[in-house]
Amino acid sequence: MNSWIQPHLFPPPKGHQLNSSNKMVEFSQLGDNEVFSAFTTYGTIALAKVMLMSVITSFFRITRKAFDNPEDVPNPHKEENIKKFLRKDDRVDRVLRAHRNDLENIVPFFCIGLLYSLSDPDLTTALWHFRIFVAARIYHTIAYLTPLPQPNRGLSWLIGYIVTFSMVYRLLKNKLYL
Amino acid sequence: MNSWIQPHLFPPPKGHQLNSSNKMVEFSQLGDNEVFSAFTTYGTIALAKVMLMSVITSFFRITRKAFDNPEDVPNPHKEENIKKFLRKDDRVDRVLRAHRNDLENIVPFFCIGLLYSLSDPDLTTALWHFRIFVAARIYHTIAYLTPLPQPNRGLSWLIGYIVTFSMVYRLLKNKLYL
Amino acid sequence: MNSWIQPHLFPPPKGHQLNSSNKMVEFSQLGDNEVFSAFTTYGTIALAKVMLMSVITSFFRITRKAFDNPEDVPNPHKEENIKKFLRKDDRVDRVLRAHRNDLENIVPFFCIGLLYSLSDPDLTTALWHFRIFVAARIYHTIAYLTPLPQPNRGLSWLIGYIVTFSMVYRLLKNKLYL
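In this text, all values refer to a predicted model and were calculated from it rather than measured experimentally. (Residues numbered from 1 in each chain as written. Chains lettered and ligands numbered in written order. Predicted model: local features only at pLDDT ≥ 70, side-chain atom pairs only at ≥ 80, totals over all residues. Heavy atoms only, no water.)

Participant: Could you clarify how one ought to interpret the overall build of chain A in this entry?
Facilitator: Helix and strand counts for chain A stand at six helices and zero strands. Tracing chain A from N to C terminus, the helices and strands come up as α-α-α-α-α-α. Intrachain contacts of chain A at a sequence separation of at least 6 include 65% that bridge at least 24 residues. (Helix = DSSP H or I, 4+ residues; strand = E, 2+ residues; numbered from the N terminus. Contact = heavy atoms within 4.5 Å.)

Participant: Just to check I follow, could you spell out the packing of helix α4 (residues 90–117) of chain A against helix α4 (residues 90–117) of chain C for this structure?
Facilitator: When two helices pack together, their arrangement is given by the angle between the helix axes and the distance between those axes. It is at 11 Å that the axes of α4 of chain A and α4 of chain C come closest, and there the two elements cross at 30 degrees. By the angle between their axes, α4 of chain A is roughly parallel relative to α4 of chain C. Here the hand of the crossing between α4 of chain A and α4 of chain C comes out left-handed. Residues Arg100, Leu103, Glu104, Val107, Cys111, Leu114 and Leu115 of chain A of α4 of chain A pack against Leu96, His99, Arg100, Leu103, Val107, Phe110 and Leu114 of chain C of α4 of chain C. Residue composition of the contact of α4 of chain A with α4 of chain C, grouped by class: 10 nonpolar, one polar and three charged. (Axes fitted to C-alpha atoms, helices over the stretch in contact; angles between N-to-C directions. Parallel < 35°, antiparallel > 145°, perpendicular 65-115°, else oblique. Left-handed = near helix turned anticlockwise from the far one by under 90°. Nonpolar A, V, L, I, M, F, W, Y, C, P; charged D, E, K, R; others polar.)

Participant: Explain unusual backbone geometry here, please?
Facilitator: What is expected of a backbone is that most residues other than glycine have negative phi and most peptide bonds are trans. A cis amide bond links Gln150 of chain B to the next residue, Pro151 of chain B, at an omega of 10 degrees. You can see Pro151 of chain B is positioned in the loop between α6 (123–145) and α7 (152–174). Within the chain, Asp120 of chain C stands out as a residue other than glycine whose phi angle is a positive 60 degrees. Tracing the chain through its elements places Asp120 of chain C in the loop between α4 and α5 (123–145).

Participant: Hey, could you run me through the pattern of salt bridges in this one?
Facilitator: Charged atoms that come close allow side chains of opposite charge to pair. Under the defined criterion, the tally for this structure stands at 27 salt bridges over all chains. Linking Arg64 of chain B and Asp89 of chain B is a salt bridge whose minimum nitrogen-to-oxygen distance equals 2.9 Å. Placement of Arg64 of chain B in the loop between α3 (34–63) and α4 (79–85) and of Asp89 of chain B in the loop between α4 and α5 (90–117) is noted, with a sequence separation of 25 residues between them. Connected through salt bridges with shared partners, the residues Glu71 and Asp72 of chain A together with Arg94 and Arg153 of chain B form a single ionic network. (Salt bridge = Lys/Arg side-chain N within 4 Å of Asp/Glu carboxyl O.)

So this is what it looks like as structure tokens:
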């Protein structure tokens, strides 16, 4: 039994009925909140994208035989394998940089976006913040890994950055509690 | 219809009074939510573990005298100390990689786990997600720093990864708000 | 006074209408919580500071002509430019280390601080946690980028670390849900 919210209204006014509006209030603060639902979808997609970078890194490490740790090398008991495969690789380094860039940008987006979602923003405005950010970051990864010539990567980074700062602006403009 | 919260049903029994339990409900919805309480415990432990990596890095930097910044070197006014101690060290680099791997995996787990906790999952299912993730990541750190031979580290990483994607799946399966 | 949740009281006064104050309560429970409002302000400032590091990195990459990716180099079709500008630079590396240190410290602060804010802490205590953390981290960045001699950077890191673990302690001391 979910007893998270058991508000209580006692006794309810006569003739009081659970209408959909009351239900909203009483039963589900976040579940019924459309901005929060949208944030859940887009925030989850953005973070799943970040995590996929790990798999891409592993793929290039294995196919290109370029490892950071001696124990990861195939047949690590052979000294020559360690010498041969414990090395840097351009392709692997590129994925690592793209992954780091995601951590630097998507994690702050998620944290700020969470606070923004809870600050009662306009639904349409919020949706377009989330949509543009996620699209820009997916394009950023494509531009980084292909690689596409600049300013493809630079612009997609900038768009995500501006979207995040637009949420920062709204959060700090509305009320500053210092 | 979102049945996230399943509140009670009125009318309340006669003689019902606001007892301390009701008060709790009023002041803190989240405090009474068992999944959220469990997430608070496991999420905090996981992040405290990430932060301990900084101390381990400092320990190896100091004991092995391997620094990144000239101002960190002992007696940095001596030119020879800077030449000697501004260097890479295998042990330090290993801790830095383990720390980065934590940021890449534990931070997304936390963000996704927070949304998951608020999506009214089954308590037992949620608890096992959190327990397995935290145990796998502690083992991952031990496997990385010892180091243990593969596939110790690889498997513990994979388990944490699967747990996180299991939460992603639940979040995106239930309702996609695009 | 914790006025986080002000569920409505019945029976409502006659002639009761949804005024803006009631609306606030209904649509945004968290908006009335002072600790959460303070966390929103300080958390947003801290993350905006992290994101500014990207701009500082770009500034030094461009002014010092030191790039990681061939496509970022000015006139990348000239082979000689790639040879010349695809290089490490002390200044750029320093900003990258400061940025990474922020991710290692400010992101965990945000995640733990969010849970802490929702655990009904004393407002004044919470405010001082947030204020000291943000001030320490801003000083940390100044000390890192100037660079100031140690222990300026070390101490500011330590202060932020202690503040975060003070919140961890409160979260795990109050109730451990395993």
